[in-house]
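# Examination of the molecular architecture
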Amino acid sequence: MAGNGVRGRGGRRPTLEEVAARAGVGRGTVSRVINGSPRVSDATRAAVEAAVAELGYVPNTAARALAANRTDAIALVVPEPETRFFAEPYFSDMLRGVGQELSDTEMQLLLIFAGSDRKRQRLAQYLAAHRVDGVLLVSVHADDPLPDLLAQLEIPAVISGPRSAAESLTSVDSDNYGGARSAVEHLLGRGRRRIAHITGRLDVYGAQRRVDGYRDALRDAGHPVDELLIEAGDFTEEGGRRAMTTLLDRHPDLDAVFAGSDVTAAGARQVLREAGRRIPDDVALVGYDDSAIARHMDPPLTSVRQPIEEMGRAMIDLLLTEIADRRPAASRGPERRQAVLATELVVRASS
């Protein structure tokens with residue numbers, strides 16, 4: 001009988017994971033059904049309720065007692081200056097996705113900036129006191145010490161994009177390589193042959209993967225890669241202006257530009273116009289992110305859409321799973337999850 005707490009495998013109490021497996025849904029979905037969230041379809045709710053009844057699942061009151069020792073707080077840590085956070089749509093879209101996914105939980109979200117050594121030191125002290133249950137790290141650079149600090153403190157953490165191919169922490173990212181390839185293949189299909197690339201910050205693994213996609217798309221189409229057509233940027237508008245100025249001086253015959261972000265593309269567009277280049281007649285332009293900037297640019301900007309809000313929601317789902325797993329980090333083994341979400345090229349008048 002369900003009310004008597006039917007035991008699962010080996011005579012023990014059924015777990016939330018077993019209910020999820022029986023219902024064919026994720027752990028977070030089961031939690032939402034049990035907590036009465038309205039953000040679940042009727043069919044899914046019925047499947048979960050049937051699995052609960054079949055397995056005799058009863059919420060573990062002992063686990064809830066343990067949960068009383070938690071802070072019920074999650075930190076969204078941004079190791080960037082506040083000015084960049086408020087200037088770039090990527091961060092607001094990420095925050096929106098995180099907030100939406102947390103809305104059906106009891107968790108509070110803390111926004112913490114750690115863009116200087118002093119702020120990082122203060123954050124380290126704060127985290128060492130275990131004042132949050134988990135951390136979301138956004139915009140992580142290769143040399144950032146924060147991920148290793150979180151691992152040392154055994155604080156559950158999820159980062160938006162791995163630091164390298166050998167990332168040890170759980171991460172959520174978009175397909176940077178595939179997105180870049182689609183942008184360059186589109187430009188080649190439009191007859192462009194001297195395609196420049198303004199990169200993002202190259203200490204960010206996602207920016208490195210976009211360069212890889214750019215190079216491979218050219219090579220696979222039988223075109224040599226001219227390294228002089230690649231110029232480092234930093235995802236900012238000013239970085240786009242600087243890089244575009246350098247590229248025009250170096251390669252005045254370029255006929256297309258793939259920019260590392262929409263904000264960077266806006267800076268590049270300004271320099272192109274000042275140089276008398278028409279978009280797309282003389283130079284086609286493609287950005288990355290498919291932000292509101294792309295839609296409102298003149299002409300509207302072709303851009304690679306990455307599902308930033310969805311990435312934020314996925315980060316929360318993974319972090320809540322990490323928080324629920326109370327085992328010491330050393331005993332978990334190679335269980336870190338790397339989620340990669342698909343991108344989509346949105347074609348507009350700029351190309």
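Heads up: these notes are all about the structure in this document. Computed from a prediction, not measured in an experiment: that's the story for all the values here. (Residues numbered from 1 in each chain as written. Predicted model: local features only at pLDDT ≥ 70, side-chain atom pairs only at ≥ 80, totals over all residues. Heavy atoms only, no water.)

### Considering the environment of leucine 123
Relative to the assigned elements, leucine 123 resides in helix H7 (residues 117–128). Sequence separation between leucine 123 and leucine 146 is 23 residues, and the spatial gap between their C-alpha atoms is 9.1 Å. (Helix = DSSP H or I, 4+ residues; strand = E, 2+ residues; numbered from the N terminus.)

### Let's talk about the packing of aromatic side chains
Scanning the model with the defined rule gives 6 aromatic pairs in all. On the numbers, 5.4 Å between centres and 35 degrees between planes, the contact of phenylalanine 85 with phenylalanine 91 is tilted. Residue phenylalanine 85 shares its accessibility class with phenylalanine 91, and that shared class is buried. With a centroid separation of 5.2 Å and 80 degrees between ring planes, the pair formed by phenylalanine 85 and phenylalanine 113 is classed as edge-to-face. Taken together, the positions of phenylalanine 85 in helix H5 (residues 82–87) and phenylalanine 113 in strand E2 (residues 108–113) put the pair 28 residues apart, joining distant regions of the chain. Phenylalanine 85 sits in the buried class, given a relative accessible area of 6%. Aromatic ring contacts, followed pair by pair, group Phe85, Phe86, Tyr90, Phe91 and Phe113 into a single cluster. (Phe/Tyr/Trp six-rings, centres within 6.5 Å; stacked < 30°, edge-to-face > 60°. Buried < 20%, exposed > 50% of the residue type's maximum accessible area, 1.4 Å probe, protein only.)

### Quick look at the sheet that holds strand E11 (residues 338–341)
Pairing within the open sheet is parallel, and its 6 strands lie in the order E2-E1-E3-E4-E5-E11. Strands at the two margins of the open sheet, each flanked by one partner only, are E2 and E11. Across the sheet, the mean angle from the axis of one strand to that of its neighbour is 20 degrees, orientation sign disregarded. Examined bridge by bridge, strand E5 (residues 170–174) and E11 share 4 bridges and lie parallel to one another. Its bridge partner being in E11, serine 171 is matched across the sheet by glutamine 338. In this fold helix H8 (residues 146–153) packs onto strand E1 (73–78), strand E3 (134–137) and strand E4 (157–160), with an angle of close to 165 degrees to the strand it touches most, E3. Packed on one face of the sheet, helix H14 (residues 308–324) meets E1, E3, E4, E5 and E11 and runs near 170 degrees to E5. (Pairing = 2+ DSSP bridges. Axes fitted to C-alpha atoms, helices over the stretch in contact; angles between N-to-C directions. Contact = heavy atoms within 4.5 Å.)

### Focus on the side chain of arginine 84
Inspection of the secondary structure assignment puts arginine 84 in helix H5. A relative accessible area of 12% means that arginine 84 is categorised as buried. Engagement of the side chain of arginine 84 in a polar contact is seen with the side chain of glutamate 80, the distance being 2.7 Å. Excluding residues that lie within four positions of it along the chain, arginine 84 makes contacts with Phe91, Ser139 and Phe235. (Polar contact = N/O pair within 3.5 Å; in protein donor to acceptor, adjacent residues only side chain to side chain.)

### A few points about the pattern of salt bridges
What the rule picks out here adds up to 27 salt bridges. For arginine 348, the salt bridge is made with aspartate 290, and the minimal N-O distance between the two is 2.8 Å. Of this pair, arginine 348 sits in the segment after strand E12 (344–346) while aspartate 290 sits in the loop between strand E9 (284–289) and helix H13 (292–296), and the two are 58 residues apart along the sequence. Residues participating in the shared-partner salt-bridge network are Asp234, Glu237, Glu238, Arg241 and Arg242. (Salt bridge = Lys/Arg side-chain N within 4 Å of Asp/Glu carboxyl O.)

### Quick word on the sheet that holds E9
Reading across from one edge, E7-E6-E8-E9-E10-E12 is the order of the 6 strands in this open sheet, with mixed pairing throughout. Strands at the two margins of the open sheet, each flanked by one partner only, are strand E7 (230–231) and E12. Against the sheet, helix H10 (residues 205–220) engages strand E6 (195–198), E7, strand E8 (256–259) and E9, with an angle of about 170 degrees to E6.

None of the figures reported here should be taken as evidence of function without further support.
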